[in-house]
Amino acid sequence: APSYIADTDRCFAQQHWTVDMASLAETCLSPDRGWEAAKAVFVLGDSHAHHLVPGITRATSLFRQRGFSIRYSTVGSGCAYLPQTLSGGSSGRGQGRQSCTLYNVASTLMLAQNLREGDIVIVAHVGISVFASESIREDYMNHMLRLNEFVLRSNA
């Protein structure tokens with residue numbers, strides 16, 4: 001079976017509360033910076049982000065020709081690369097909330113360590129409803145702005 005199928009994919013944590021998030025982020029978000037891959041594409045988010053992986057994987061040859069390593073860490077069950085106020089997992093409490101928070105912290109730390117000039121970061125998830133409160137939309141925008149700061153610092 002192809003490596004991007006959820007059951008066989010070590011970088012897609014379907015049941016995120018059973019996974020060591022720091023280990024997942026380190027394993028899955030450490031790019032190959034060898035002589036052929038000076039740049040990286042990072043994909044973060046929930047199962048919606050994971051749906052992008054097969055297309056990105058198929059485009060690997062095009063990216064590799066331009067010196068890119070493709071790395072991703074995605075999670076299921078309502079957990080995504082979101083601010084803590086929004087990352088609750090399927091239950092929104094307990095182990096689900098804790099593992100989502102750890103996913104976000106570990107992913108952010110790995111990006112801070114690994115982002116370099118010319119890298120690409122793709123974040124995807126089911127989305128923020130237009131009916132969400134203003135404070136939720138503001139939390140989300142601030143979270144994405146912090147990610148943008150990491151990207152800008154890596155390009156400085």
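Look up: the structure comes first, before these words.
All values derive from a computational prediction rather than experimental measurement.

Peer 1: Please give an account of helix H1 (residues 21–28) that cites residues and values.
Peer 2: Three or more residues of H1 are buried, namely Met 21, Leu 24, Ala 25 and Cys 28. Looking straight down H1, one finds its buried side chains confined to an arc of 95°; they lie on one side.

Peer 1: Could you give an account of the state of the cysteines, naming the residues involved and the relevant values?
Peer 2: Counted by the stated rule, this structure contains one disulfide. Across the disulfide from Cys 11 sits Cys 28; the S-S distance is 2.1 Å. On the sign convention where negative means left-handed, the S-S torsion of about -90° between Cys 11 and Cys 28 marks this disulfide as left-handed. Note that Cys 11 is positioned in the segment before strand E1 (12–13) and Cys 28 in helix H1, a separation of 17 residues in sequence.

Peer 1: An account of the environment of Arg 97 is requested, with residue identities and associated values reported.
Peer 2: Counting through the fold element by element, Arg 97 comes out in helix H5 (residues 94–114). Sequence spacing of Arg 97 and Cys 79 is 18 residues, and the spatial spacing of their C-alpha atoms is 8.1 Å.

Peer 1: Talk me through the pairing of strand E3 (residues 68–75); I want residue IDs and the actual numbers.
Peer 2: The element E3 is largely enclosed, with a buried count of eight among its eight residues. Neither face of E3 is open: one carries Phe 68, Ile 70, Tyr 72 and Thr 74, the other Ser 69, Arg 71, Ser 73 and Val 75, and all of them are buried. The pairing of E1 with E3 spans two bridges and is parallel. For Ala 13, the partnering residue across the bridge sits in E3 and is Val 75.

Peer 1: How would you summarise the sheet that holds E3 if you had to cite specific residues and measurements?
Peer 2: Here four strands make up an open sheet; going across it, the order is E1-E3-E2-E4 and the pairing parallel. Both outer strands of the open sheet, E1 and strand E4 (120–124), are each paired with one neighbouring strand and no more. Here five bridges tie strand E2 (residues 39–45) to E4, and the two strands are oriented parallel to one another. Each residue of the ladder has a partner; that of Phe 42, found in E4, is Val 121. The sheet strands contacting H1 are E1 and E3, and the helix crosses E3 at an angle near 160°.

Peer 1: How would you sum up the side chain of Thr 74? Please name residues and give values.
Peer 2: Within the secondary structure, Thr 74 is located in strand E3. Judged by relative accessible area, Thr 74 falls into the buried class, the value being 0%. Of note is the side chain of Thr 74, whose polar atom sits 3.0 Å from the side chain of His 50. Excluding residues within four positions of it along the chain, Thr 74 makes contact with Cys 11, Phe 12, Ala 13, Val 43, Leu 44, Gly 45, Asp 46, Ala 49, His 50 and Tyr 103.

Peer 1: For the nonpolar core, give the residues involved together with the corresponding values.
Peer 2: If you look at the biggest cluster of nonpolar residues, it comprises 35 residues, and the most contacted ones within it are Tyr 81, Tyr 103 and Leu 111. Every element with two or more residues in this core is listed here: H1, E2, helix H3 (53–58), E3, H5 and helix H6 (134–154). The contacts of Tyr 103, once residues within four sequence positions are left out, are Met 21, Leu 24, Leu 44, Gly 45, Ser 73, Thr 74, Val 75, Cys 79, Ala 80 and Tyr 81.

Reading guide: rules and limits
- Residues numbered from 1 in each chain as written.
- Predicted model: local features only at pLDDT ≥ 70, side-chain atom pairs only at ≥ 80, totals over all residues.
- Heavy atoms only, no water.
- Buried < 20%, exposed > 50% of the residue type's maximum accessible area, 1.4 Å probe, protein only.
- Helix = DSSP H or I, 4+ residues; strand = E, 2+ residues; numbered from the N terminus.
- Arc of directions from axis to C-beta.
- Disulfide = S-S within 2.5 Å.
- Pairing = 2+ DSSP bridges.
- Contact = heavy atoms within 4.5 Å.
- Axes fitted to C-alpha atoms, helices over the stretch in contact; angles between N-to-C directions.
- Polar contact = N/O pair within 3.5 Å; in protein donor to acceptor, adjacent residues only side chain to side chain.
- Core = buried A, V, L, I, M, F, W, Y, C linked by side-chain atoms within 4.5 Å.

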